[in-house]
Amino acid sequence: MTPQPRVTDATSHVERWGMFEACLEGPAVGNPFTDVTLRATFRHRDQSVTVDGFHDGGGCWKFRCMPDELGEWEWRTASDAAAMDGRSGSF
């Protein structure tokens, strides 16, 4: 079973210009700077923003977004680590 993403903002409510941050459980071994990639694409209406994720220690991999528009935003990940690839959510 693939672990569910842990979202640091439990309500998944983010104010305009606030910070959305998600932590996904991923690889905790190897070199996180060369062995694993993580990207997240955020979409709102016709806008799309892709950001790089980063290793935050242990098995926690994070990505962040500061929404500049009001309304629902959706996100989806792409990674070469199966546990973090194709994960999605909204806020």
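Cut-offs and rules
Residues numbered from 1 in each chain as written. Predicted model: local features only at pLDDT ≥ 70, side-chain atom pairs only at ≥ 80, totals over all residues. Heavy atoms only, no water. Helix = DSSP H or I, 4+ residues; strand = E, 2+ residues; numbered from the N terminus. Buried < 20%, exposed > 50% of the residue type's maximum accessible area, 1.4 Å probe, protein only. Core = buried A, V, L, I, M, F, W, Y, C linked by side-chain atoms within 4.5 Å. Contact = heavy atoms within 4.5 Å. Polar contact = N/O pair within 3.5 Å; in protein donor to acceptor, adjacent residues only side chain to side chain. Pairing = 2+ DSSP bridges. Axes fitted to C-alpha atoms, helices over the stretch in contact; angles between N-to-C directions. Patch = residues over 30% accessible without salt bridge, like charges linked within 9 Å, V, L, I, M, F, W, Y side chains within 5 Å. Areas by Shrake-Rupley, 256 points an atom, 1.4 Å probe, with all protein chains shown as cover. Salt bridge = Lys/Arg side-chain N within 4 Å of Asp/Glu carboxyl O.

A.B. asks: Go over unusual backbone geometry, please, and point to the residues and values.
C.D. replies: Positive phi outside glycine occurs at Trp 17, with the angle close to 70°. Turning to its location among the elements, Trp 17 is positioned in the loop between β1 (6-7) and β2 (20-25). Its identity is not glycine, yet Arg 45 carries a phi of approximately 50°, on the positive side. Within the secondary structure, Arg 45 sits in the loop between β3 (38-44) and β4 (47-52). The class for Arg 45 is exposed, based on a relative accessible area of 70%.

A.B. asks: Talk me through the nonpolar core; I want residue IDs and the actual numbers.
C.D. replies: Ranked by size, the top nonpolar core spans 16 residues in total, and within it Phe 20, Leu 38, Phe 42, Phe 63, Trp 75, Met 84 and Phe 91 carry the most contacts. The set of elements that each furnish at least two residues to this core consists of β2, β3 and β6 (60-65). Sequence-distant contacts of Met 84, that is, excluding residues within four places in its chain, are made with Leu 24, Glu 25, Gly 26, Pro 27, Val 36, Leu 38, Trp 61, Thr 77 and Ser 79.

A.B. asks: How would you explain the side chain of Thr 41 if you had to name every residue and give the values?
C.D. replies: By the element assignment, Thr 41 lies in strand β3. Here Thr 50 takes part through its side chain, which lies 3.0 Å from a polar atom of the side chain of Thr 41. Look past the residues within four positions of Thr 41 in its chain and what remains in contact with it is Ser 48, Val 49, Thr 50, Glu 74, Trp 75 and Arg 76.

A.B. asks: Could you give an account of the sheet that holds β3, with specific residues and numbers?
C.D. replies: Across a sheet, paired strands are connected by hydrogen bonds in the backbone, their directions being either parallel or antiparallel. On the basis of which strands lie adjacent, the open sheet formed by 4 strands has the order β4-β3-β7-β8 and antiparallel pairing. Since the sheet does not close on itself, it has two edges, and those belong to β4 and β8 (88-90), each with one partner. Between one strand and the next, the sheet's axes are offset by a mean angle of 20°, whatever the strand orientation. Across 3 bridges, strand β7 (residues 74-79) lies against β8 in antiparallel orientation. Paired with Arg 76 across the two strands is Ser 88, which belongs to β8.

A.B. asks: Please give an account of a nonpolar patch on the surface that cites residues and values.
C.D. replies: A contiguous nonpolar surface patch, about 360 Å² in accessible area, is contributed by Trp 17, Met 19 and Met 66. Trp 17 gets classed as exposed once you look at its relative accessible area, which sits at 54%.

A.B. asks: Residue-level account of the pairing of β4, with values.
C.D. replies: Where β3 meets β4, 6 bridges bridge the pair, whose relative direction is antiparallel. Across the sheet, Phe 42 pairs through a bridge with Val 49, a residue of β4. Once β3 ends, the chain turns through 2 residues before running back antiparallel as β4, passing Arg 45 with a positive phi of about 50°.

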